Amino acid sequence: MEELLVVDHLRKSFPGVVAVADVSFSLGAGEILALIGENGAGKSTLSQVLGGALRPDSGRIVLEGKEVSFGSPQEAIQAGIRMMFQELSMVGSLSIAENIFANRQPTGLLNFIRWRQLYRETAEFLQRFHSSLDPRGLIKRLVKGEQQILEFLKAISTTPKVLILDEPTSSLSETETAYLMDNIRTLRAQGMSFIYITHKLSEVFKISTRVIVMRDGHYVGSREISQCTERDLVAMMVGRDISTTTTRPPVSAGEECLRVEDFSRRGVFSGVGFAARKGEILGLSGLVGSGRTELARAVFGMDPRDGGKVFVDGRPVTVSNPPEAIRAGIAYLTEDRKELGLYLDKSIRDNLIAPTLRRFSGLLGFMLNKPINSFASQKVQEFSIVTPTALKKVGKLSGGNQQKCLVATWVGTDPKVIFLDEPTRGVDVASREEIYVKIEELAARGVAVVLISSDLPELIRLCDRILVMHHGKIVGAVERADFSEELILSYATGLQSGLTEEHRSHG
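Residues numbered from 1 in each chain as written. Predicted model: local features only at pLDDT ≥ 70, side-chain atom pairs only at ≥ 80, totals over all residues. Heavy atoms only, no water.

Draft legend 1. Examining the pairing of strand E12 (residues 269–277) more closely. Here six bridges tie strand E11 (residues 256–265) to E12, and the two strands are oriented antiparallel to one another. By the bridge assignment for E12, Arg259 is matched with Ala275. Two successive antiparallel strands, E11 and E12, enclose a turn made up of three residues, where Gly267 displays a positive phi of approximately 80°. (Pairing = 2+ DSSP bridges. Helix = DSSP H or I, 4+ residues; strand = E, 2+ residues; numbered from the N terminus.)

Following this line, the structure appears as structure tokens:
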């Protein structure tokens, strides 16, 4: 295969940290190369150097046989290298057309935008990739999965020679993921090359032909996909073998802890009821848009509801806002840690105590530093948050450590029931295993855990039961003995419904 891109002894450091240390590899024309490694391995820094967002300290980037150097992402795009970041760059108040062709709109006299031409060209572009979205539609009216697909389409609209994709499916449903991968394969056949960064090892085997592994800023090695297994890659990523189990051992759940009755919100979910027992890990599955996250947020008092009752330990509780939910013993870990879950500009310590400030205040309302520091140090150690101090800003942590901080924050409220919404999204293999252990420990202590996840293997591994939502209703209840991805998907896509009226009411 002809070499399109060569990375030669690239190095990038920050004060006290060597993020990329002497990394070399090549990318062939029309190749999909997977790039994997734990959070903090140097993947994002490497991709930002290639995409022009950072300048390397040393080393060379050679594109089509010519050495290149970029002072900005725009210079990289002009040369033919583009990066699609995990964080969305779309402007919500602008239209799809304005976002896709930002700074490239067709203009006429006096530099005025030719709106008809812009909308026509956008519609033609979307149709090429089998998208029926309205070019005039505002980005803020789209769900996150649609926004992420448009981020991809925006990136390829400049026809790059190399497209770097950073966790491109993190917010996508199964259907949207399949759509993305189909288009990547089509573009590869047309000669476009890809560097595909992901924590989902199953995707590595679905989409790429070769994979390179980084650890602690270093290039560890390269493997042909046909000559390795997931276990091989995990061992390369972490430097040791991680033993995993298919499912956790059977447990005997206790008495009922949470009961939700007849929850409804017009246009989102209706007549939803279920129960979770002490010590149980109850899965909540469904495609994006099924209402599972909205249901959890409503139970926690974050979102409004038109009707419904909540019972904790058999007693009715009033939950119209998160503080009331926390006092009732209900916790909710959001799926979006950066926008909704963490105060990125605050310290680890401040984040850990945020939901329970009253616990750490004295009679006059002053915060008690000694118990705060003790609590923070305990949680940092308990959840293996890698940091020199609990005073470090959360925004400076790797993704895996940010997620562990978020889990520690809500476990620290000592809940009776906790909703975990995509608790391992965007984290590496080792961090995922650590979070799994904490979830199992929670259940072992008698907490009722409701696990919301798009990762079916994750649900099958951890859960005792799985409820499946479709179009705002619970349409399936799957016991552990019947767990299979095929059965869960058949409920999630509406192909079958397996609930009696009694199950619909009581879950």
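Draft legend 2. Main features of the nonpolar core. By size, the foremost hydrophobic cluster in this structure holds 75 residues, and its most contacted members are Leu258, Phe263, Phe274, Leu295, Ile330, Ile418 and Phe419. In terms of residue count, helix H14 (residues 399–411) provides more of this core than any other element does, six residues in total. In contact with Leu295, other than residues within four places in its own chain, are Phe263, Phe269, Val272, Phe274, Leu284 and Met469. One finds Ile96, Phe125, Leu142 and Leu187 within the second-largest nonpolar core, a separate group that totals 32 residues. (Core = buried A, V, L, I, M, F, W, Y, C linked by side-chain atoms within 4.5 Å. Buried < 20%, exposed > 50% of the residue type's maximum accessible area, 1.4 Å probe, protein only. Contact = heavy atoms within 4.5 Å.)

Draft legend 3. View of helix H5 (residues 144–156). Helix length check: H5 (13 residues) gives 19 Å between terminal C-alpha atoms against 18 Å at 1.5 Å per residue, within 8%. Of all the 13 residues making up H5, 11 are buried; the element is thus mostly covered by neighbouring parts of the structure. Within the span of H5, buried status applies to Gly145, Gln147, Gln148, Ile149, Leu150, Glu151, Phe152, Leu153, Lys154, Ala155 and Ile156. Tucked into the core, H5 has its buried residues touching strand E6 (81–84), helix H3 (96–100), helix H4 (115–128), strand E7 (162–166) and helix H6 (174–189). (Expected span 1.5 Å × (residues − 1).)

Draft legend 4. Focus on a nonpolar patch on the surface. A cluster of nonpolar side chains, namely Leu109, Leu110 and Phe112, defines an oily patch on the protein surface of about 430 Å² accessible area. Here Leu109 is to be found in the loop between H3 and H4. On the basis of relative accessibility, which here comes to 75%, the residue Leu109 falls in the exposed class. (Patch = residues over 30% accessible without salt bridge, like charges linked within 9 Å, V, L, I, M, F, W, Y side chains within 5 Å. Areas by Shrake-Rupley, 256 points an atom, 1.4 Å probe, with all protein chains shown as cover. Salt bridge = Lys/Arg side-chain N within 4 Å of Asp/Glu carboxyl O.)

Draft legend 5. Focus on the sheet that holds E11. Overall, antiparallel pairing links the four strands, which are arranged E12-E11-E14-E15 in an open sheet. Looking along the sheet, the strands with just one partner apiece sit at the ends: E12 and strand E15 (315–317). Within this sheet the neighbouring strands show an average axis-to-axis angle of 20°, counted without direction. Packed onto the sheet, helix H9 (residues 292–299) meets E11 and E12 and runs at close to 70° relative to E12. (Axes fitted to C-alpha atoms, helices over the stretch in contact; angles between N-to-C directions.)

Draft legend 6. View of empty space enclosed by the protein. Taken as a whole, this structure holds one cavity of 30 Å³ or more when the rule is applied. By volume, the largest cavity is sized at about 30 Å³. Looking at which element gives the most residues to the lining of the largest cavity, the answer is helix H15 (residues 429–444), with three residues. Grouping the amino acids of the lining of the largest cavity by side-chain chemistry returns three nonpolar, no polar and four charged. (1 Å grid on protein atoms, 1.4 Å probe; cavity = no way out; pocket = protein on both sides within 12 Å on 5 of 7 lines; lining within 4 Å. Points joined across faces, edges and corners; volume = space filled by probe spheres on them. Nonpolar A, V, L, I, M, F, W, Y, C, P; charged D, E, K, R; others polar.)

Draft legend 7. Representation of the sheet that holds strand E1 (residues 3–14). The antiparallel open sheet is built from four strands, whose spatial order is E2-E1-E4-E5. Strands at the two margins of the open sheet, each flanked by one partner only, are strand E2 (17–28) and strand E5 (66–68). Taking the axes of each pair of neighbouring strands and ignoring which way they run, one obtains an average angle of 25° across the sheet. Both E1 and strand E4 (residues 58–63) contribute to a ladder of five bridges, which runs antiparallel. In the strand pairing of E4, Val6 is matched with Val62. Contacts from helix H1 (residues 43–50) reach E1, E2 and E4 within the one sheet, and its direction differs from that of E1 by about 120°.

Draft legend 8. Here's a closer look at the pairing of E11. Pairing analysis gives five bridges linking E11 to strand E14 (residues 307–312), with the strands arranged antiparallel. Residue pairing for E14: Ser264 is matched across the bridge by Gly307.

Draft legend 9. Layout of the packing of aromatic side chains. In the structure shown here, the tally under the stated rule is six aromatic pairs. Plain terms: the ring middles of Phe300 and Trp410 are 5.7 Å apart, the flat faces sit at 85° to each other, and that makes the pair edge-to-face. Here Phe300 is found in the loop between H9 and E14, whereas its partner Trp410 is found in helix H14, with 110 residues between them in sequence. Looking at Trp410, the relative accessible area reads 12%, which means it is buried. Taken together, the ring pairs connect Phe101, Phe125 and Phe129 into an aromatic cluster. A cation over a ring is seen here: Lys438 above Phe383, with NZ or CZ 5.1 Å from the ring centre. (Phe/Tyr/Trp six-rings, centres within 6.5 Å; stacked < 30°, edge-to-face > 60°. Lys NZ or Arg CZ within 6 Å of the ring centre and 35° of its normal.)

Draft legend 10. Seen up close, the confidence of the model for the chain. When pLDDT is averaged across the chain, the result is 89; 94% of the residues are at 70 or more. Contacts for the low-pLDDT stretch residues 500–505, under 50 throughout, to residues beyond four places or in other chains number 11 contacts. (pLDDT = per-residue confidence, 0-100.)

Draft legend 11. Geometry of the side chain of Glu280. Note on placement: Glu280 falls in the loop between E12 and strand E13 (281–285). Classification of Glu280 by relative accessible area gives buried; the value is 1%. A polar contact of 2.6 Å, which involves the side chain of Glu280, links it to the side chain of Arg465. (Polar contact = N/O pair within 3.5 Å; in protein donor to acceptor, adjacent residues only side chain to side chain.)

Draft legend 12. Broad picture of unusual backbone geometry. Even without being a glycine, Asn103 presents a positive backbone phi close to 65°. You can see Asn103 is positioned in the loop between H3 and H4. Even without a glycine there, the phi angle at Asp313 is positive, about 55°.

Draft legend 13. Representation of the packing of H14 against H15. Running from N to C, H14 and H15 point in directions that differ by 10°, and their axes come no closer than 10 Å. Taken together, the axes of H14 and H15 lie roughly parallel to each other. Here Gly400, Gln403, Lys404, Val407 and Val411 of H14 come into contact with H15, specifically with Ser431, Glu434, Ile435 and Leu442. Looking at the contact of H14 with H15 residue by residue, the classes come out as four nonpolar, three polar and two charged. (Parallel < 35°, antiparallel > 145°, perpendicular 65-115°, else oblique.)

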